[in-house]
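What the coordinates show
So the chains spell out like this:
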Amino acid sequence: MEYSTAARAHSTVTQFKVYEDYLDSKVTPVDLFYLKSRELARRLVEHGHSGTVLSRKEFEETKAAEQAAEAAKSDTLYGRSRPTTLASAGKELKDNFLKALAEREEANRSGKMTSVIFIRDHNPLGQEVSGYIDYAHRLKTQDFQPYFRGKKKLMPGRSDLCYYNWRTQVSTSNSSPNFEVIYDDPNGLLFKNKRDKKILNVDPLSGPGEDSNRTFLQSDLYIHAVIYDHNVRTV
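Residues numbered from 1 in each chain as written. Predicted model: local features only at pLDDT ≥ 70, side-chain atom pairs only at ≥ 80, totals over all residues. Heavy atoms only, no water.

A short note on the pairing of strand S2 (residues 128-134)
What counts is decided by this rule: Categorising residues by exposure relies on relative accessible area from a 1.4 Å probe, with only protein chains included: less than 20% of the type maximum marks a residue as buried, more than 50% marks it as exposed, and the intermediate range marks it as partly exposed. Every helix listed is a DSSP run of H or I at least four residues long, and every strand listed is a run of E at least two residues long, numbered separately from the N terminus. Note on pairing: two strands pair once DSSP finds at least 2 bridges between them.
Most of S2 is tucked away, with 6 of its 7 residues classed as buried. For strand S1 (residues 113-122) and S2, the ladder comprises 7 bridges, and the chain directions are antiparallel. What sits directly across from arginine 120, in S2, is serine 130. Between S1 and S2, which follow one another and run antiparallel, lie 5 residues, and glycine 126 among them has a positive phi close to 85°. Pairing of S2 with strand S3 (residues 162-165), which is carried by 4 bridges, proceeds in the antiparallel orientation. When the sheet's bridge partners are listed, tyrosine 132 is paired in S3 with cysteine 162.

Some details on the nonpolar core
Note that soluble globular proteins tend to have their nonpolar side chains buried in a common cluster. The condition that has to hold: For the purposes of this section, nonpolar cores are sets of buried Ala, Val, Leu, Ile, Met, Phe, Trp, Tyr and Cys residues that join through side-chain atoms within 4.5 Å.
Counting 23 residues, the largest nonpolar core has Phe97, Leu101, Ile117, Ile119, Phe144, Phe148 and Leu154 as the members making the most contacts within it. When residues of this core are assigned to their parent elements, the largest contribution, 5 residues, is made by helix H6 (residues 96-110).

Brief notes about the packing of aromatic side chains
To keep things clear, this is the line we draw: Side-chain rings of Phe, Tyr and Trp (the six-membered ring for Trp) are treated as a pair once their centres are within 6.5 Å; stacked means planes under 30 degrees apart, edge-to-face means over 60, and tilted covers the remaining angles.
Counted under the stated rule, the structure contains 13 aromatic pairs. Measuring from centroid to centroid gives 4.8 Å for tyrosine 164 and tryptophan 166, while their planes differ by 85°, and the two rings are edge-to-face. Under the relative-accessibility criterion, tyrosine 164 is labelled partly exposed at 24%.

What to know about the sheet that holds S2
Applicable threshold: Every axis in this analysis is a line fitted to C-alpha atoms, fitted for helices over the stretch in contact. Angles between the N-to-C directions lie between 0 and 180 degrees. Contacts are assigned to residue pairs with any non-hydrogen atoms lying within 4.5 Å of each other.
Strand order across the open sheet formed by 6 strands is S4-S3-S2-S1-S9-S8, with antiparallel pairing between neighbours. Of all strands in the sheet, those bounded by a partner on one side alone are strand S4 (171-173) and strand S8 (212-217). Averaged over neighbouring strand pairs, the angle between their axes works out to 10° when direction is ignored. Note: S1 against strand S9 (residues 224-231), 8 bridges, orientation antiparallel. Within S9, the residue paired with isoleucine 117 across the bridge is isoleucine 227. Strand contacts of H6: S1, S8 and S9, with the helix running at about 155° to S1, the strand carrying the most contacts.

Overview of the environment of aspartate 220
As for its position among the elements, aspartate 220 is in the loop between S8 and S9. Take aspartate 220: its relative accessible area is 77%, and that puts it in the exposed class. With 125 residues separating them along the chain, aspartate 220 and aspartate 95 place their C-alpha atoms 6.7 Å apart.

A closer look at the side chain of arginine 214
Condition: Positive charges are assigned to Lys and Arg, negative charges to Asp and Glu, while His and the chain termini are left out of the count. Basic side-chain nitrogens of Lys or Arg form a salt bridge, by our definition, when they fall within 4 Å of a carboxyl oxygen of Asp or Glu. Counted as a polar contact is a pair of N or O atoms within 3.5 Å, where, for protein atoms, one must be capable of donating a hydrogen and the other of accepting one, and residues adjacent in sequence contribute only when both atoms are in side chains.
Among the structural elements, arginine 214 can be located in strand S8. Of the buried charged residues, arginine 214 lacks a salt bridge, with aspartate 203 as the closest side chain of opposite charge at 6.3 Å. At a separation of 2.8 Å, a polar atom in the side chain of arginine 214 contacts the main-chain carbonyl oxygen of aspartate 203. At 2.7 Å, the side chain of arginine 214 forms a polar contact with the backbone oxygen of serine 206.

Describing H6
The test is simple: Every helix has an expected span of 1.5 Å times one less than the residues it contains.
Look at H6: 23 Å from first C-alpha to last across 15 residues, which is about the 21 Å you get at 1.5 Å a residue. Where H6 is concerned, the buried positions are Phe97, Leu98, Ala100, Leu101, Ala102, Arg104, Glu105, Ala107 and Asn108. In this fold, the buried residues of H6 make contact with S1, helix H7 (135-141), helix H8 (145-149), S8 and S9. You can read the cap of H6 off the contacts: a side-chain oxygen lies 2.8 Å from the backbone nitrogen of phenylalanine 97, and it is on aspartate 95. A positive backbone phi angle near 90° is found at glycine 111, which sits one or two residues after H6.

Here we look at the side chain of serine 88
Structurally, serine 88 is set in the loop between helix H5 (56-77) and H6. One polar contact links serine 88 to glutamate 105, side chain to side chain, over a distance of 2.6 Å. Apart from the residues lying within four places of it in its own chain, the contact partners of serine 88 are Ala102, Glu105 and Phe148.

Structural data, given as structure tokens:
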């Protein structure tokens, strides 16, 4: 929620050439009158004395994202194409899980790969939940910058491929634009890729299937995290 508020409050920073110009826009004539120092006024603004203010890192990341978005609009208008700006670009990632997502982001955005993420962890209420997430679909429907910045934690929800709350025993399953959920097969839970019709098997005692592989991750963020990658072949 804090990130969303900040994003709305600073919906455009491309008008500022450098971070100092951005800080100056928050400094009032009254501030300068009493402080007698623009540098001191900037420091006070940067530390939040004038409301919600982006840090230097957030400013640079937001500006880069806005410039990329404007460039994409221009390319669409004039029929040009350019590589998609990645939400993970420029982020300092320390956890293995976030690093793995970053490594797969471009392929999932471009359609060369469709990854299914399995997560087991505790929700904000302390309840253990688990589920399978269609990474490519989430990338299209959510802003992943807060996840890569560490401001939000990726968790399965009731609208994902599969979700189970071990405390309340609430269970849901939903097909996505990339996968059909097959939950009544004798072999257990399966996901059928809608493009090449190949089956992704998430049973840890079985192979993941043709053109697919499984990666178990050691993460400080989750109790259990696994990524299943399916390399898409057009048929």
